[in-house]
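This is what each chain is made of:
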Amino acid sequence: MRKDVRILLVGEPKVGKTSLIMSLVSEEFPDVVPYRVEEITIPADVTPERVPTHIVDYSEAEQTDEQLFQEISKANVICIVYAVNNKKSIEKVTNHWIPLITENTDKDSRVPLILVGNKSDLVEHSSMETILPIMNQYSEVETCVECSAKNLKNISELFYYAQKAVLHPTGPLYCPEKKDMKPLCVKALTRIFKVSDLDNDGILNDNELNFFQRACFNSPLEPQALEDVKNVVRKNLIDGVHYNGLTLKGFLFLHTLFIQRGRHETTWTVLRRFGYDDDLELNQDYLFPPLKLPPDCTTELNHNAYLFLQSVFDKHDKDRDCAMSPDELRDLFDVFPYMPWGPDVNNTVCSNEQGWITYQGFLSQWTLTTYLDVQRCLEYLGYLGYSIIAEQESQAAGITVTRAKKIDLQKKQTQRNVFRCNVFGDMGSGKSGFLQAFLGRNLVRQKMIKEEHRSYYAISTTYVYGQEKYLLLHEVFPDFDYLTDADMACDIVCLVYDVSNPYSFEYCAKVFKQYFMDSKTPCMMIAAKSDLPEVKQMYGCSPLEFCRKHKMPPPQSFTCNTAAEPNREIYTKLTTMAMYPHIIQENLTSSTFWLRASVGATVFAVLGFAMYRVLLKTRCFRCCTSFLSPSRSHSLPSPPLLLITALVLVLDQDRQKQVDSNLSRATGSHSPWPHSSQAYVFASATARAMTRLAPRYPSATSGVPQANHSR
């Protein structure tokens, strides 16, 4: 909405332009009227719309045509004044003033006109019969007001209507010739209806109508008033009310009625609350609220944003299969001006056997967008009406800006929940297979992916010490001579080589030595395609010797050529290393560290399963209720996190050393990774089983608020 209003009064000499202004200001008719008064500014606190208003007078005797043209170009609304007792001044409205104004204004930005019939105290008849045809002929004419500067009749109303014509213009909303709303207005109100339809059943029930009323006008409707509104629609529209709720047709009819009755400020209040500007486009300030992002910080969705996105998913998952079919996804994004997700998204996140994005995949994609392009995430949340539905000041309230990574290293702990792993490797080394395996796709399923739908990102969740974290894998294009800052800015580096290609490891070694050898970013070597015969790498030393020399964990064997889903243990290790980069690399090679993580995962899984069994019954009835229903809770009671943490840490350092020693003697070696540890195997298997069991709503086993959304 405009911050001020500029009103220009024009018309033939001696029709009373100056008298109108002086009567408004002094609240009495002046004895002496000058040719022209200087520009007058009325403060915001004394205007009905609380907007400063500038009133400009024009005098043919004192001003040139050039000065008139300049004032016309600066005016927000123009009042053409005529005398109701002077037929010639009425004829000049169409013969001179409207054409003159049209010639000196931009065609794309129409200036609203108010026809003002002054000196009504001198006649007993009205001029409306003469003026109505003019109003019908010229769509830019907003209204006509008859008044009298002498007895102060309708003076305040005149300037109120002029101000209203600027702040709540009819032009963008309504077509007088067709007597219907314009397409852009219908499109905007349709989006508002769909955002407000919280259960996506095609009608606004009483709860949704009251929520809409509170959001737009800060007060609910009384039950009788609500019934009166629906009765008005029923009498005028057959299918305007359905199951005692307002349909889209009924919603649009109500706003058409508001506009036709001169109450278009009601429609404008609704439009502006949902982010629209005077051109019925979503305001840039609404879509992109200010968000300060210091260097070395990342962006994540917070708990409230995840709850909102869960409600959006539930709202559109009509068949309740925990996945978004193509039709459901189109319905979800119908409130967007374009389709934001392409086919590559299905290969970026988890999907079901039909290739449809699952609930987990849906949240993962939003997490990815927030991390990589937070401005785009703010825009998307704006289209979905986050600030209105979640009752927040703006979409920025749903974003958490993490502290700088260097502070995490200093404090040796992190508050982040999303960790980035950049994957390097030569052509054909198995990088893409490594990314897709993270999403549970074996080689057979990967071969079904079309090249044009390929994604260079993969994101999903892993569990570290009983906490759900997001791991973001990014495949870096193998251009050794050119790596951008984004290619090197990550939490952990993954170097992939093909065990069956003797020249594959050399690329990884060169990338590490040139870019990461002196950095503090942890690195891990992946021996991909381990199902194939291993050959000697044509390099100065073997991959194992290289890792030992540079104090890296030994190469990790990996293959996605499996009958079932590929093993996910390697991704847990990557996430753990990303979470604890301050730990010296030698510590990462000890079985103590991984045994501690294993015990934590085991305790987390066992206690979580017990709690899941208890909460399962209380959760079932919540599936179909709406987001704002008092009977629904999107956040199940959090597990006794302190208890879990205490159990994980109960193994003190001395006991850890003893366990580590016993494990080493039992295995007969000092294996840097506890693959032989039954505890680790049991913990991983149990955690995977729990992940499969988690059905639909935020898991009772989540460890942190931000992660309280796994199904």
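Everything numeric here is computed off the predicted structure, so don't read it as measured data. Counting of residues starts from 1 at the beginning of each chain's written sequence and follows it residue by residue. The predicted origin of the model limits local features to residues at a pLDDT of at least 70 and limits the giving and counting of side-chain atom pairs to 80 or more, whereas totals for whole chains, interfaces and linings rest on all residues. Side-chain metrics in this entry use all non-hydrogen atoms of the structure; hydrogen atoms and water are not considered.

Participant: Would you mind going over the overall build of the chain with me for this structure?
Facilitator: Elements are defined by DSSP. Helices are runs of H or I of four residues or more, strands are runs of E of two residues or more, and each kind is numbered from the N terminus. Looking only at helices and strands, the chain has 28 helices and 21 strands in total. Put simply, the chain has 711 residues, and 54% of those count as buried. Excluding contacts between residues fewer than 6 apart, the proportion of contacts in the chain whose partners are at least 24 apart in sequence is 72%. Reported accessibility uses the Shrake-Rupley method at a 1.4 Å probe radius. Residues are deemed covered only where the shown protein chains occlude them. When the accessible surface of the chain is summed, it comes to about 33,400 Å², and 53% of that surface belongs to carbon and sulfur atoms. Summary of the burial criterion: residues with accessible area below 20% of their type's maximum are buried, those above 50% are exposed, and those between are partly exposed, where the area comes from a 1.4 Å probe applied to protein chains only. Note on contacts: a residue pair qualifies if any of its non-hydrogen atoms lie within 4.5 Å across the two residues.

Participant: So what exactly am I meant to see when it comes to the pattern of salt bridges here?
Facilitator: Once the charged atoms of two side chains with opposite charge are near each other, the side chains can pair. In the sections that follow, a salt bridge refers to a side-chain nitrogen of Lys or Arg positioned within 4 Å of a carboxyl oxygen of Asp or Glu. The tally for this structure, following the rule as stated, stands at 21 salt bridges. Close ionic contact of Arg234 with Glu227 constitutes a salt bridge, the shortest N to O distance being 3.6 Å. Classification of Glu227 as partly exposed rests on a relative accessible area of 27%. As a salt-bridge pair, Arg454 and Glu451 come within 3.6 Å of each other at their nearest N and O atoms.

Participant: What's the story with the sheet that holds strand E20 (residues 523–528) in this structure? I'm lost.
Facilitator: Pairing between the strands of a sheet comes from backbone hydrogen bonds, and it takes one of two forms, parallel or antiparallel. Each pair of strands is called paired provided DSSP finds at least two bridges between the two strands. The sheet built from six strands is open, its strands ordered E17-E18-E16-E19-E20-E21 with mixed pairing. The open sheet has two free edges, formed respectively by strand E17 (457–464) and strand E21 (556–558), since each of these has just one partner strand. Pairs of neighbouring strands in the sheet enclose a mean axial angle of 30°, with direction left out of account. Two strands pair when backbone bridges link them, and strand E16 (residues 418–425) and strand E18 (residues 467–475) are joined in this way by six bridges, in the parallel orientation. Within the sheet, the bridge partner assigned to Arg420 lies in E18 and is Leu472. Comment: axis = line fitted to C-alpha atoms, over the contacting stretch for helices; angle = value between 0 and 180 degrees taken between N-to-C directions. With respect to the sheet, helix H14 (residues 359–372) is in contact with E16, E17 and E18, its orientation differing from that of E18 by roughly 65°.

Participant: Which parts of the structure should I look at to understand the UniProt feature "domain: EF-hand" (unreviewed entry) in the chain?
Facilitator: In the numbering adopted here, UniProt assigns the feature "domain: EF-hand" (unreviewed entry) to residues 304–339. Regarding residues 304–339, the helix share stands at 56% and the strand share at 6%, and the terminal C-alpha atoms are separated by 25 Å. UniProt positions are given in the numbering used here, feature names are shortened, and annotations may be inferred rather than shown by experiment.

Participant: Mind showing me how you'd approach the side chain of Thr247 here?
Facilitator: For Thr247, the location among the structural elements is in strand E11 (residues 245–247). We classify Thr247 as buried; its relative accessible area is 11%. Looking at Thr247, its side chain comes within polar contact range of the main-chain oxygen of Asp239, at 2.8 Å. Identification of polar contacts relies on pairs of N or O atoms within 3.5 Å, with a donor-acceptor requirement for protein atoms, meaning one able to donate a hydrogen and the other able to accept it, and with residues adjacent in sequence counted only if both atoms are side-chain atoms.

Participant: Would you explain the pairing of E18 in this entry?
Facilitator: Two faces make up the sheet, and in a regular strand the side chains alternate between them. Burial analysis of E18 places eight of its nine residues in the buried class, the great majority of the element. Across eight bridges, the pairing between E17 and E18 is antiparallel. Residue pairing in the sheet places Thr462 in a bridge with Lys469 of E18. Hairpin connection, E17 to E18: the antiparallel pair is bridged by two residues, and Tyr465 has positive phi, about 55°.

Participant: Is there a simple way to think about the packing of aromatic side chains in this case?
Facilitator: Here a ring pair, both rings aromatic, is described through the centre-centre distance and the interplanar angle of the planes. Pairing of aromatic side chains here covers Phe, Tyr and the six-membered ring of Trp, requires ring centres within 6.5 Å, and sorts the geometry by plane angle: under 30 degrees stacked, over 60 edge-to-face, intermediate tilted. Counted according to the given criterion, the structure contains 30 aromatic pairs. When the ring of Tyr306 is compared with that of Tyr470, the centres are 6.4 Å apart and the planes differ by 10°; the resulting orientation is stacked. Here the residue Tyr306 occupies a position in helix H12 (residues 303–316), and Tyr470 occupies one in strand E18, the gap between them amounting to 164 residues. With respect to class, Tyr306 is no different from Tyr470; both count as buried. The rings of Phe313, Phe333, Phe336, Tyr338, Trp341, Tyr359, Phe362, Trp366, Tyr380 and Tyr383 are connected pair by pair, giving a single aromatic cluster.

Participant: Whenever I open this one, the environment of Phe217 confuses me. Can you help?
Facilitator: Secondary-structure assignment places Phe217 in helix H7 (residues 206–217). A relative accessible area of 28% means that Phe217 is categorised as partly exposed. In sequence terms Phe217 and Thr269 are 52 residues apart; their C-alpha atoms lie 7.9 Å from each other. If sequence neighbours within four positions are ignored, Phe217 has contacts with Thr266, Thr269 and Val270.

Participant: Help me out: how do you make sense of the pairing of strand E3 (residues 53–57) in this one?
Facilitator: Across the five residues that make up E3, a large majority, five, are buried. When strand E2 (residues 40–42) meets E3, the two strands line up antiparallel, connected through three bridges. Its bridge partner being in E3, Thr41 is matched across the sheet by His54.

Participant: Where do I start with H14 in this structure?
Facilitator: Given 3.6 residues per helical turn, the α-helix brings residues three or four places apart onto the same face. What a helix is expected to span follows from its residue count: subtract one and scale by 1.5 Å. Helix length check: H14 (14 residues) gives 20 Å between terminal C-alpha atoms against 20 Å at 1.5 Å per residue, within 8%. Where burial is concerned, most of H14 is hidden: 13 out of the 14 residues are buried.

Participant: Honestly, the side chain of Glu12 in this entry has me stumped. Any pointers?
Facilitator: Among the structural elements, Glu12 can be located in the loop between strand E1 (5–11) and helix H1 (17–26). Positive charges come from Lys and Arg, negative ones from Asp and Glu, while His and the chain ends are left out of the count. Within the buried core, Glu12 has no salt-bridge partner, and the shortest N-O distance to an opposite charge, that of Lys92, equals 4.6 Å. Of the polar contacts made by the side chain of Glu12, one reaches the side chain of Trp97; its length is 2.9 Å. Look past the residues within four positions of Glu12 in its chain and what remains in contact with it is Lys17, Val81, Ser89, Lys92, His96 and Trp97.

Participant: When you look at the state of the cysteines in this model, what are you seeing that I'm missing?
Facilitator: Structurally, a disulfide amounts to a covalent bond that connects the sulfur atoms of two cysteines. By definition, disulfides here are pairs of cysteine sulfur atoms that lie within 2.5 Å. Tallying each qualifying case throughout the model produces zero disulfides. Cys490 takes part in no disulfide bond, and the closest cysteine sulfur to it belongs to Cys421, at a distance of 6.9 Å.

Participant: Just to check I follow, could you spell out the packing of helix H9 (residues 248–260) against helix H10 (residues 264–273) for this structure?
Facilitator: For the pair H9 and H10, the least separation of the axes is 6 Å and the interaxial angle reads 130°. By the angle between their axes, H9 is oblique relative to H10. Here H9 contributes His255, Phe258 and Ile259 to the contact with H10, which in turn contributes His264, Thr266, Thr267 and Val270. What sets the label is the angle itself: under 35 degrees gives roughly parallel, over 145 gives roughly antiparallel, 65 to 115 gives roughly perpendicular, and the rest give oblique.

Participant: What should I look at first to understand the sheet that holds E11 in this one?
Facilitator: Strand order across the open sheet formed by three strands is E9-E11-E10, with antiparallel pairing between neighbours. The strands lining the two open edges of the sheet, one partner per strand, are strand E9 (203–204) and strand E10 (241–242). In the sheet, E9 pairs with E11 via two bridges, with the strands oriented antiparallel. Paired with Ile203 across the two strands is Thr247, which belongs to E11.

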